[in-house]
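Close look at the chain arrangement
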Amino acid sequence: MILSYAFKRTCYFFSIFAAIVLISFFLFHMIPADPARIILGPNADEAQVSQLRKELGLDLPLYTQLFNYTKDVAGFNFGKSYVDGRDIGKEILYRLKITAALTGLSLIITFLYLGFVLNVLNSRLRYVINCIDFLSSSVPIFFSGIVAAILTIYFYPVSSFSGTFSVNDFLYLIPPAFVLSLYPMAILSGVLKQEFSVLHDAPFIVSEKALGFSNITVLFRYFGKNAMIPVLSTLSSIFPIYITGTFIVEIIFSIPGISSVIVKSIMGLDFPMLEATVIVNGLIFILINLGFEFVYPIIDPRVLKGGQG
Amino acid sequence: MTTRFEKNIYIRLCLVCLFVFVLFSSKVFADPNELVVGLDNSIERLIPIKIKTPQTMPVSMQIFQGLFDLNGEGKIVPSIIEKYETNDNKTWIFHVRKGVFFHKSEIFPDGTREVTAEDVIYSLQRFCSADSFASFLMADSVEGAAEFTQGKADSVKGFKYIDRHTLQIELKRAEQFFINRISTAWVAVFPKEMDDKQYADKSGFSIVVGTGPYKLVTQTENEIILEKNDDYWDEANQPQINKIIYKVIKNDQARYINLLRGKIDFMVVPSSLFSHVFTKDGELKKKISNQYQKKVVSTYNTHFIGINNKKILDANLRLAMFYGTDREEMVNTILYGFGDAMGGTVPKGMNGYKPLVDGNVYDPEKAAKFLSKSAYKGEALELIVHDLANSELIGQIFQAQMAMIDIKIKLTKLDFGGAVQRILSGDNTMFSMFMEYVYSSPEPILINSFASSKIPVPNFVSYSNIKVDEMLENLFHIEKSEASIIECARIEKRIMDDAPAVFLYRQKYVVLYPKRMNGLEINANNHYFFEKIKLK
């Protein structure tokens, strides 16, 4: 049964991936612009532009271009950038590392915050947490991003991201990662508080306390373990927010991650880079979703039977 | 459930984070022997023949050097070519400077090697190749250059090797202004090893080998680090600044705040910041003048409203717009006065040029007279604007000024690439555009911009006039530069009588740099001679 389930889900996601490849190809080739002219600039004569068009394979019929393209994509060969001839695969990998560092740092901040929330749920600080959660979930990321960027410029000692993965680079990523984690933090904190209110007076918690276990043992071993299931389930559904959020945060903070390469490619009509970026982004989404699809049956076996998870 | 222990975990964690933060952030402030330059955009791959953006050139000119260069006054000075000679303006002999070595690099078996005539020929030929952005520079002049660009020849016939330090360039015909075509440091000398296939992925990124006063250490999209070249050939101008760090900070305000906070030392002031930086008299505000000084540079650029002469055939309408445009208002509104109003296209002073159509030629009475003679019926004329160089703002002011003389202008905003595409396709009526001239004399500018043979590129306005074509052709027969420059002024005046475009102004760039530095020289091609800076 599990194999049949895995096969169906994999086919489903593969069809989505194929659609992404096709749509990205046709979308970018329908733009009424000539990359050869953009590369050579307005001063180049028409013969020179035609020659470059030929070298880039842009003079071939669209179906031939599509065939060559899908063949290359199947082998994960995204070719060279139209604009500066750099290897697209390597470039995207480098950019992904930056975006992954930002997202990873953001996840760490989220979990640190959740740990803090877990600590103060019984104290008066929970009212402050409620206020923070309310603000974090209400303020749009582009606004909080701009406010954080301004504060960073004025009060933060690190002012730019060099891209060399130095310590300063990681320090620079802290404010944008914080901005990126605001909304998920509020959502997950809400789930945690909800679970806390349910489990706080649960008989098994009361009995563990009565048996003399320390507060920390009860908190992490019994309460935490039960509360984490809905938290992880919610995280799986809101994880794309981290990815889409990086598109805004990277632009605001001038971080050369995957979103900045998209903007740059659009401006430079660098079709191969743009197509590859869209495809890789799509692939990441698919893999994450596929991963969760395989985790769900482990958490809740009823999914395999077609029941409600 | 909260215990003292659990609280302590968080307190300890916060303290550790704070300690790490303070420890590492203390290293971010600049060294006094370093120069941190704020850039508004990332640079391109550092391959000389591919460079095209104004952001890249000031960086590449620290690493690569041209055959010649312009000094701060716009005079041609020798660089890799020490001297040249010609008897007939058709055959030119170039003598390569001896003792110039490329930067040390892994591409050379012995670490480095001397620049020879072969390197100069190789570089010039690459500039003529089909994948070069600058092939237009020599295509009309050098024997066999156009054929090479079009793939009809294996080499450029006009480049001839004489000996290790001498080469000959044969032109199609005599051209006394030939040197002015290649006087920019953009036409740089680089080793053929940089084009070797084994370095194809590194060349222009981690492998960037020139002869300039600075050499590349590292580069990423947001940061480029150069260090001084200890083996720099120019004894009189050995760099005093050890390291130049370029930081890309795209937001103008953010770059400026970083300057005020001392995190960057040097930046070009964008027009969006003029009101923050200058008083109404154009002087630096006190908060900035305490630490920084300004340098105003008159560059070779022109901003203009192009008119498609094939669409607007009515010369009277074009002349009405030409005289109805108040350039001075544009300069004052957009640039806080940091610009020169222009009636023609050639920047004043270029190779001693004195335009006959000079300054603000705004004359509303003349505009009204020409409009009344025109067949204009009040239809809206489309003006394409784009996202660079204040194009939209220029369009808005132009629209308002035209409304005052009853000409309706409709603005269409496109991205820069889209605007160029519309211009080249001929599907346009008018467009707001700018030119950054790499030539250093008026002749090639006028020939390229207005000769009928140059339609559609780079005669973007499709201007055609047989009489002007004859006058432009005659420039090739003038042997003396002074006489040629005077003739250029006459030709430009004749062209402006047809008003093929409305030329607006030449922008002046304002650079802010620390008071601890003296002797900064900048030329009209935006070459910052950092090696000439003396530290106090």
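Here the structure is shown first, and the text comes after it.
Small disclaimer: the values here were computed from a predicted structure and weren't measured.

Residues and elements named next belong to chain A. Helix length check: helix α6 (residues 125-138) (14 residues) gives 20 Å between terminal C-alpha atoms against 20 Å at 1.5 Å per residue, within 8%. Regarding α6, the residues found buried are Ile129, Asp133 and Ser136. Buried residues along α6 cover an arc of 70° about the axis, so they all sit on one side. For α6, the exposed residues lying more than 90 degrees away from the buried face are Phe134 and Leu135. For α6, the elements touching its buried residues are α5 (88-120) and α8 (167-199).

What follows is about the sheet that holds strand β5 (residues 91-96) of chain B. Residues and elements named next belong to chain B. The four strands are arranged β4-β5-β7-β6 in an open sheet whose pairing can be described as antiparallel. Two strands in the sheet have a free side with no partner beyond their single neighbour: β4 (81-86) and β6 (159-163). Across the sheet, the mean angle from the axis of one strand to that of its neighbour is 25°, orientation sign disregarded. Summarising the sheet, β4 and β5 pair through five bridges and their orientation is antiparallel. The residue bridging Lys83 from the neighbouring strand is His95, located in β5. Of the strands in this sheet, β4, β5, β6 and β7 (166-170) touch helix α3 (residues 117-127), which is tilted by about 175° from β6.

Each side of the interface is counted separately: chain B has 45 residues, and chain A has 54 residues. Here chain B packs against chain A, burying approximately 4,500 Å² in sum over the two surfaces, 58% of which is carbon and sulfur. One can count four salt bridges joining chain B with chain A. A salt bridge links Asp201(B) to Lys90(A); its shortest N-O distance comes to 3.6 Å. At the boundary of chain B with chain A, the tally comes to 11 residue pairs in polar contact (both at pLDDT 80 or more). When residues of the side of chain B that touches chain A are traced back to their parent elements, those giving at least two are α1 (4-25), α7 (252-260) and α14 (416-425) of chain B. At eight residues, the largest contribution of residues to the side of chain B that touches chain A is made by α1(B).

Tallied over the entire structure, the rule returns 36 salt bridges over all chains. A salt bridge links Arg86(A) to Asp84(A), with the shortest nitrogen-to-oxygen separation between them at 2.9 Å. Judged by relative accessible area, which is 18%, Arg86(A) ranks as buried. Overall, Asp84(A) belongs to the buried group, its relative accessible area being 15%. The partner of Arg113(B) in a salt bridge is Asp119(B), with the nearest N and O atoms 2.8 Å apart. Judged by relative accessible area, which is 3%, Asp119(B) ranks as buried. Connected via shared salt-bridge partners are Asp84(A), Arg86(A), Glu91(A), Arg95(A), Lys264(A) and Glu221(B).

On to the environment of Glu392(B). Residues and elements named next belong to chain B. Mapped onto the elements, Glu392 comes out in helix α13 (residues 391-404). Judged by relative accessible area, Glu392 falls into the partly exposed class, the value being 29%. On a C-alpha basis, the gap between Glu392 and Leu411 in space is 8.4 Å, while along the polypeptide they are 19 residues apart. What Glu392 contacts, discounting residues up to four positions off in sequence, is Val385, His386 and Lys413.

As a further point, take a nonpolar patch on the surface. All names here are of chain A. A contiguous nonpolar surface patch, about 1,200 Å² in accessible area, is contributed by Phe134, Leu135, Val139, Phe142, Phe143, Ile146, Val147, Ile150, Leu151, Tyr154, Phe155 and Ile248. Going through the elements one at a time, α6 and α7 (141-155) are the ones with two or more residues in the nonpolar patch. Here the nonpolar patch gets eight residues from one element, more than from any other, and that element is α7. Relative to the helices and strands, Phe142 resides in helix α7.

Conventions we followed
- Residues numbered from 1 in each chain as written.
- Chains lettered and ligands numbered in written order.
- Predicted model: local features only at pLDDT ≥ 70, side-chain atom pairs only at ≥ 80, totals over all residues.
- Heavy atoms only, no water.
- Helix = DSSP H or I, 4+ residues; strand = E, 2+ residues; numbered from the N terminus.
- Expected span 1.5 Å × (residues − 1).
- Buried < 20%, exposed > 50% of the residue type's maximum accessible area, 1.4 Å probe, protein only.
- Arc of directions from axis to C-beta.
- Contact = heavy atoms within 4.5 Å.
- Pairing = 2+ DSSP bridges.
- Axes fitted to C-alpha atoms, helices over the stretch in contact; angles between N-to-C directions.
- Buried area = accessible area lost by both parts, 1.4 Å probe.
- Salt bridge = Lys/Arg side-chain N within 4 Å of Asp/Glu carboxyl O.
- Polar contact = N/O pair within 3.5 Å; in protein donor to acceptor, adjacent residues only side chain to side chain.
- Patch = residues over 30% accessible without salt bridge, like charges linked within 9 Å, V, L, I, M, F, W, Y side chains within 5 Å.
- Areas by Shrake-Rupley, 256 points an atom, 1.4 Å probe, with all protein chains shown as cover.

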